[in-house]
Amino acid sequence: MNYSTKQLTALVILRVFIGWHFAYEGIVKIFSPSWGAAMYLRDSQGFLSRFFIDLADSSLMPVVDFLNEWGLLLIGLGLICGAFAKMASICGIILLSFYYMSHPSFLGVQYAMPVEGNYLWIDKNVVEMAALAVVFFFPTSQIIGLDRFIKKYLPKFV
């Protein structure tokens with residue numbers, strides 16, 4: 001990995017910023033006792049909307065909420081600290097994919113919950129997925145991050 005100082009700095013900043021976004025969202029959800037994903041899932045308009053709506057009405061919602069809250073926090077901390085950053089990137093892409101499949105950005109789709117704008121196919125989730133792919137393929141955590149040390153003991157996981 002022969003990054004210039006500017007490249008390394010920009011990539012680490014990208015990783016940390018995405019990590020902050022995930023961690024903050026997780027913390028907000030964990031410490032908000034009234035938060036739950038059911039309303040979001042019931043508002044699904046994607047091609048898998050039936051699955052998400054049925055999930056919202058199932059007894060699995062406490063598990064879904066727990067995985068969402070703690071998944072966001074752990075993905076974020078992994079990216080911020082550079083610990084298991086590749087795994088965190090993949091998990092982040094998977095989680096964002098579920099968000100996108102539930103609420104895709106298609107023209108003419110109206111959601112009950114407010115959205116940040118009108119997009120055609122590409123929304124903030126897709127942009128963040130692309131950024132996580134960059135973080136995955138340019139593993140700065142092995143230079144600046146805990147993966148530098150984890151690699152010595154658990155090379156298969158870094």
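Look up: the structure comes first, before these words.
Residues numbered from 1 in each chain as written. Predicted model: local features only at pLDDT ≥ 70, side-chain atom pairs only at ≥ 80, totals over all residues. Heavy atoms only, no water.

Participant: With reference to specific residues and values, describe empty space enclosed by the protein.
Facilitator: Applying the stated criterion to the full structure yields one cavity of 30 Å³ or more. In terms of lining, the largest cavity is formed by Arg 15, Ala 85, Lys 86, Val 135, Phe 138, Pro 139, Thr 140 and Ser 141. Considered class by class, the residues forming the lining of the largest cavity number four nonpolar, two polar and two charged. (1 Å grid on protein atoms, 1.4 Å probe; cavity = no way out; pocket = protein on both sides within 12 Å on 5 of 7 lines; lining within 4 Å. Points joined across faces, edges and corners; volume = space filled by probe spheres on them. Nonpolar A, V, L, I, M, F, W, Y, C, P; charged D, E, K, R; others polar.)

Participant: Lay out the packing of aromatic side chains with the relevant residues and their values.
Facilitator: In the structure shown here, the tally under the stated rule is six aromatic pairs. Considering the side-chain rings of Tyr 40 and Tyr 99, the 6.3 Å spacing of their centres and the 80° angle between planes classify their relative orientation as edge-to-face. Within this pair, whereas Tyr 40 is found in helix 2 (residues 38-42), its partner Tyr 99 is found in helix 5 (residues 85-102), the two being separated by 59 residues in sequence. For the pair Phe 136 and Phe 137, a centre-to-centre distance of 5.0 Å together with 90° between the ring planes defines the contact as edge-to-face. (Phe/Tyr/Trp six-rings, centres within 6.5 Å; stacked < 30°, edge-to-face > 60°. Helix = DSSP H or I, 4+ residues; strand = E, 2+ residues; numbered from the N terminus.)

Participant: How would you summarise the packing of helix 1 (residues 5-30) against helix 4 (residues 61-81) if you had to cite specific residues and measurements?
Facilitator: Contact geometry for helix 1 and helix 4: axes closest at 7 Å, N-to-C directions at 150°. Looking at the two axes, helix 1 sits roughly antiparallel to helix 4. Both helix 1 and helix 4 take part in a crossing whose hand is left-handed. Contacts from Arg 15, Val 16, Ile 18, Gly 19, Trp 20, Phe 22, Ala 23, Glu 25, Gly 26, Ile 27, Lys 29 and Ile 30 in helix 1 reach Asn 68, Glu 69, Trp 70, Leu 72, Leu 73, Ile 75, Gly 76, Leu 77, Leu 79, Ile 80 and Cys 81 in helix 4. Each residue belonging to the contact of helix 1 with helix 4 can be placed in one class, and the counts come to 15 nonpolar, four polar and four charged. (Axes fitted to C-alpha atoms, helices over the stretch in contact; angles between N-to-C directions. Parallel < 35°, antiparallel > 145°, perpendicular 65-115°, else oblique. Left-handed = near helix turned anticlockwise from the far one by under 90°. Contact = heavy atoms within 4.5 Å.)

Participant: Provide a residue-level description of the side chain of Ser 105, including the pertinent values.
Facilitator: Among the structural elements, Ser 105 can be located in the loop between helix 5 and helix 6 (124-137). A distance of 3.2 Å separates a polar atom in the side chain of Ser 105 from a polar atom in the side chain of Asp 123. Setting aside its immediate chain neighbours within four residues, Ser 105 contacts Tyr 100, Tyr 119, Leu 120, Trp 121, Ile 122 and Asp 123. (Polar contact = N/O pair within 3.5 Å; in protein donor to acceptor, adjacent residues only side chain to side chain.)

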